[in-house]
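# Reading the structure
Listed here are the chains, written in short residue letters.
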Amino acid sequence: MLALLGAGLLLLAARVIPAVPSNKSLAPTTPDWKGAVLLTATLILYGLGTVGGGNTTMDAPLLLVCAAGTLVLFLRVQSQAPSPLVPLVHLRDPQTGTALLMNLLVSIPMMATLVIGPFFLSFGLGMNEAGIGLVMAVGPLVAAISGVPAGRLADRIGAQRTRMAGLIQTTLGLIALAYFPRWLGVAGYIVALMLLTPGFQLFLAANSTVIMLGASQAQRGLLSGLLGLSRNLGLMTGASLMSGVFSMALGPQDITDTATEGIAQAFTITFVIIAGICLLALILSWCIRPTQSKQYGA
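None of these values were measured; they are calculated from a predicted model.

Now for the packing of helix H6 (residues 129-136) against helix H7 (residues 138-157). Following both chains from N to C, one finds H6 and H7 inclined at 20°, their axes separated by 4 Å at the closest point. By the angle between their axes, H6 is roughly parallel relative to H7. Each of Leu 134, Val 135 and Met 136 in H6 lies in contact with H7, whose residues at this interface are Val 138, Gly 139 and Pro 140. Residues belonging to the contact of H6 with H7 are distributed by class as follows: five nonpolar, one polar and no charged.

Okay, here's the thing in structure tokens:
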């Protein structure tokens, strides 16, 4: 089934995506193998560190220290490479660097809702597997419905305003997710997801536009990759770090031995902290705005 879907997407892409003529005037460049190896090592070490070491015998703090060390080496190699894998000029640019950081920060709550939510629905609200699946499906359904309007809104009012609106709505949605389920049960959880998910869509559409609009044709593939990298780093962090916060809020006892009110309180504490992370992204967006030449729709 997945193979058929993949083949269908391949045919659709071949039909819809326009062909881009190759630029033969550009001189061939040597691949940045050192940078690729160091970046791969950094991501592997960070991934293992964020999940507590995985199946390895190394401690998570040691893995994270090693990841930091390989990251420093990677940045040093990139600053000296004739054709760097990640040109540091993009990261030093206030608008691009901040947009990538915001993309990482907002990806943390995106994954946290998927990882922590089912535990709360099961042990906090007493739902079975089928009910949890139906409730969690509300998010993707709302995302599918709100995705196209989010892009059109960025066209109409500008990417910066849309990005701010998305961050405000996401922050309010996370606060609602922290409290509504405790007050209204499953209905409150669904209402919070319906408020939260369009905020994600508004931000993602506008933030990508802010980055891509000021980029040349040759840079867009690289910046698209950096967007994907920052998003995946945020997803990894949200799955591990926020799960750790939730576990700490529960206390030393197992979740199956924790009272319902204790689980609800831990859930609220975790998502209030997550809302604070999104609020940080909102502050960054307010402080570092796109210039008039880069602002979409301006």
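A separate point is the pattern of salt bridges. Following the criterion strictly, the structure yields one salt bridge and no others. Ionic pairing is found between Arg 182 and Glu 261, a salt bridge with its closest N-O pair at 2.4 Å. With Arg 182 in helix H8 (residues 159-184) and Glu 261 in helix H11 (residues 260-287), the pair connects residues that are 79 residues apart, well separated along the chain.

To continue, consider the side chain of Ser 230. By the secondary structure assignment, Ser 230 is in helix H10 (residues 220-250). In this structure the side chain of Ser 230 is engaged in a polar contact, spanning 2.9 Å, whose partner is the backbone oxygen of Leu 227. Discounting chain neighbours no more than four positions away, the residues touching Ser 230 are Leu 100, Asn 103 and Leu 104.

Another aspect to go through is the side chain of Asn 207. Along the chain, Asn 207 falls in helix H9 (residues 186-213). Exposure remark for Asn 207: the relative accessible area of 1% places this residue in the buried category. Residues contacting Asn 207, with those up to four places away along its chain left out, are Ala 99, Met 102, Asn 103, Arg 163 and Leu 227.

Moving on, we come to the layout of surface pockets. Of the voids in this model, the largest pocket is the one considered here, and its volume is about 490 Å³. Taken together, 19 residues make up the lining of the largest pocket; nearest its centre are Leu 71, Leu 91, Leu 104, Leu 229 and Leu 233. Looking at the lining of the largest pocket, the elements with two or more residues in it are helix H2 (33-50), helix H3 (60-80), helix H5 (94-124) and H10. Among the elements that make up the lining of the largest pocket, the one with the highest residue count is H3 (five residues). Of all the secondary structure elements, the ones that give two or more residues to the lining of the second largest pocket are H5, H7 and H9. Split by residue class, the lining of the second largest pocket holds nine nonpolar, four polar and no charged.

Tallied over the entire structure, the rule returns six aromatic pairs. Pairing Phe 120 with Tyr 189 gives two aromatic rings, centres 6.4 Å apart and planes at 20°, and the pair type is stacked. Remark: Tyr 189 occurs in helix H9 and Phe 120 occurs in helix H5; sequence separation between them is 69 residues. Note on accessibility: Phe 120 and Tyr 189 belong to one class, buried. Taken together, the ring pairs in this structure connect Phe 120, Tyr 189, Phe 267 and Phe 271 into an aromatic cluster.

When the terminal C-alpha atoms of H3 are compared, their 31 Å separation across 21 residues agrees well with the 30 Å that a helix rising 1.5 Å per residue should span. Among all positions of H3, only Ala 60, Leu 63, Ala 67, Thr 70, Phe 74 and Gln 78 are buried. Within H3, the buried residues cover an arc of 85° as seen down the axis, which keeps them to one side. Residues of H3 that are exposed and point over 90 degrees away from its buried face: Pro 61, Val 65, Val 72, Arg 76 and Gln 80. Contact partners of the buried residues in H3: H2 and helix H4 (88-92).

Conventions adopted
- Residues numbered from 1 in each chain as written.
- Predicted model: local features only at pLDDT ≥ 70, side-chain atom pairs only at ≥ 80, totals over all residues.
- Heavy atoms only, no water.
- Axes fitted to C-alpha atoms, helices over the stretch in contact; angles between N-to-C directions.
- Helix = DSSP H or I, 4+ residues; strand = E, 2+ residues; numbered from the N terminus.
- Parallel < 35°, antiparallel > 145°, perpendicular 65-115°, else oblique.
- Contact = heavy atoms within 4.5 Å.
- Nonpolar A, V, L, I, M, F, W, Y, C, P; charged D, E, K, R; others polar.
- Salt bridge = Lys/Arg side-chain N within 4 Å of Asp/Glu carboxyl O.
- Polar contact = N/O pair within 3.5 Å; in protein donor to acceptor, adjacent residues only side chain to side chain.
- Buried < 20%, exposed > 50% of the residue type's maximum accessible area, 1.4 Å probe, protein only.
- 1 Å grid on protein atoms, 1.4 Å probe; cavity = no way out; pocket = protein on both sides within 12 Å on 5 of 7 lines; lining within 4 Å.
- Points joined across faces, edges and corners; volume = space filled by probe spheres on them.
- Phe/Tyr/Trp six-rings, centres within 6.5 Å; stacked < 30°, edge-to-face > 60°.
- Expected span 1.5 Å × (residues − 1).
- Arc of directions from axis to C-beta.

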